[in-house]
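Chain and residue survey
In case you want the letters, here they are:
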Amino acid sequence: MSDGYKLVIGHFYPDLLNLYGDRGNVLALYRRASLRGIDVSIRSISVADELDPSMIDIAFIGGGQDSEQNIMSDDLVRVKGPLIKDMIEDGKVFLCICGGYQMLGKYYKEHTGDIVECLGALDYYTEARSDRFINDTIYSLVLDDGSEVKVAGFENHSGRTYLGEGVKPFMKVLTGHGNNGEDGFEGAVYKNTFCSYSHGSLLPKNPAITDMLLSRAMKKRYGESFELAPLDSSTEDKARAAALEYIEKGKEKAP
Ligand code: GLN
């Protein structure tokens, strides 16, 4: 057991970036940490809230519409930006979904041509098109122990993201569109920052990713020798298997 250990999840802009059950990812982190006896808490950090990076072990930024991205852009880029960049460089664990993913990159160009200023913490950019990628998705992910798992997800975005040299793709697309519908990749990874287009079901249905993030955050706080206790995942595994079966059947039916 891990009694005596603490973990703080910082949920950024929960009032603005909260599409498609993105909070489910925060709840999955909370649940799988607390079941292991870790004293875990969630802090909301929105526009005008003070950010103390030393208090946060895992940062979560969810997805939002273009209009909401416009509202928080100034606070993200000019107020919290330098601290967030330092946290990323320092190897703090981040999970950023869809709009939150886009906002860490160099820029986001709306399909009107308007530019939403982004943080520029990671080496990619996003350009929106008038059509959206809306899909249940399946990805292939190589975990920290080298094993490969299928990940069930859901995407809904008009942005096409193109990765630069400074980041690696998070996963490979098996079903769906991923970053741009062209290169077969989904999301981005840099140090301990993980970005994905897959929304609120990502961690609840894929406990291996939840545990990878928890393990990295706990090692960062308590040292490399920290071992996350094993935890039953049979319910989550059943949910994922059902989702994968449903998506794969749908794929067979597609023309
Ligand atoms: N506004 C972005 C897009 O449509 C992000 C949407 C989202 O977070 N689902 O690409």
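Heads up: the structure comes first, above all this text.
Reference entry: report on the structure contained in this document. (Residues numbered from 1 in each chain as written. Predicted model: local features only at pLDDT ≥ 70, side-chain atom pairs only at ≥ 80, totals over all residues. Heavy atoms only, no water.)

Remarks on the pairing of strand β1 (residues 6-12)
Condition: Only protein chains enter the accessibility calculation, which uses a 1.4 Å probe; a residue whose area is less than 20% of its type maximum is buried, one above 50% is exposed, and one in between is partly exposed. Numbering of helices and strands runs from the N terminus, with a helix taken as a DSSP run of H or I at least four residues long and a strand as a DSSP run of E at least two residues long. DSSP bridges decide pairing: two strands pair if at least two such bridges lie between them. Here a crossover is taken to be right-handed if, once the strands point away from the viewer, the path from the first strand over the helix to the second is traced clockwise.
With 6 of 7 residues buried, β1 lies mostly within the body of the structure. One ladder, built from 7 bridges, connects β1 with strand β2 (residues 39-45); its direction is parallel. Bridge pairing in β2 places Leu7 opposite Val40. With helix α1 (residues 23-34) bridging β1 and the parallel β2, this β-α-β connection has right-handed handedness. Note: β1 against strand β3 (residues 58-61), 4 bridges, orientation parallel. Note on β3: the bridge partner recorded for His11 is Phe60.

Comments concerning the nonpolar core
Inside soluble globular proteins, nonpolar side chains tend to come together where they are buried. So the rule is basically this: Take the buried residues of types Ala, Val, Leu, Ile, Met, Phe, Trp, Tyr and Cys, join any two whose side-chain atoms come within 4.5 Å, and each joined set is a nonpolar core. Here, two residues are considered to be in contact whenever any of their heavy atoms come within 4.5 Å of each other.
Grouped together as the largest cluster of nonpolar side chains are 65 residues, with contacts concentrated most on Leu7, Phe12 and Ile209. Here this core gets 6 residues from one element, more than from any other, and that element is helix α5 (residues 207-222). Every residue in contact with Phe12, bar those within four places of it in the chain, is listed here: Ile45, Leu51, Ile56, Ala59, Phe60, Ile61, Lys80 and Ile84. Of all hydrophobic cores here, the second largest spans 5 residues; its members include Ile138, Ala243, Leu244 and Ile247.

Details of the site of the ligand
Test applied: Nearness here has a simple test: a residue counts as near a molecule or strand if at least one of its heavy atoms is within 4 Å of that partner. A 3.5 Å cut-off defines polar contacts: any pair of N or O atoms within that distance qualifies, except that in protein one atom must be a possible hydrogen donor and the other a possible acceptor, and neighbouring residues in sequence count only when both atoms are side-chain atoms. Accessible surface is estimated by sampling points in the Shrake-Rupley manner with a 1.4 Å probe; for residues, cover comes only from the protein chains shown. Classes in brief: Ala, Val, Leu, Ile, Met, Phe, Trp, Tyr, Cys and Pro nonpolar; Asp, Glu, Lys and Arg charged; the others, Gly included, polar.
Every one of the 17 residues lining the ligand counts as a neighbour, but Asp66, Gln69, Cys98, Asn156 and Gly159 are closest to it. A distance of 2.5 Å separates a nitrogen atom of the ligand from a polar atom in the side chain of Asp66. With respect to the ligand, the side chain of Gln102 contributes an N or O atom lying 2.9 Å from an oxygen atom. For the ligand, whose free accessible area comes to 300 Å², the fraction covered by protein is 99%. Of all the secondary-structure elements, those providing two or more residues to the shell around the ligand are α2 (66-89), α3 (99-103) and β8 (148-163). Looking at which element gives the most residues to the shell around the ligand, the answer is β8, with 4 residues. Per-class residue counts for the shell around the ligand are 4 nonpolar, 11 polar and 2 charged.

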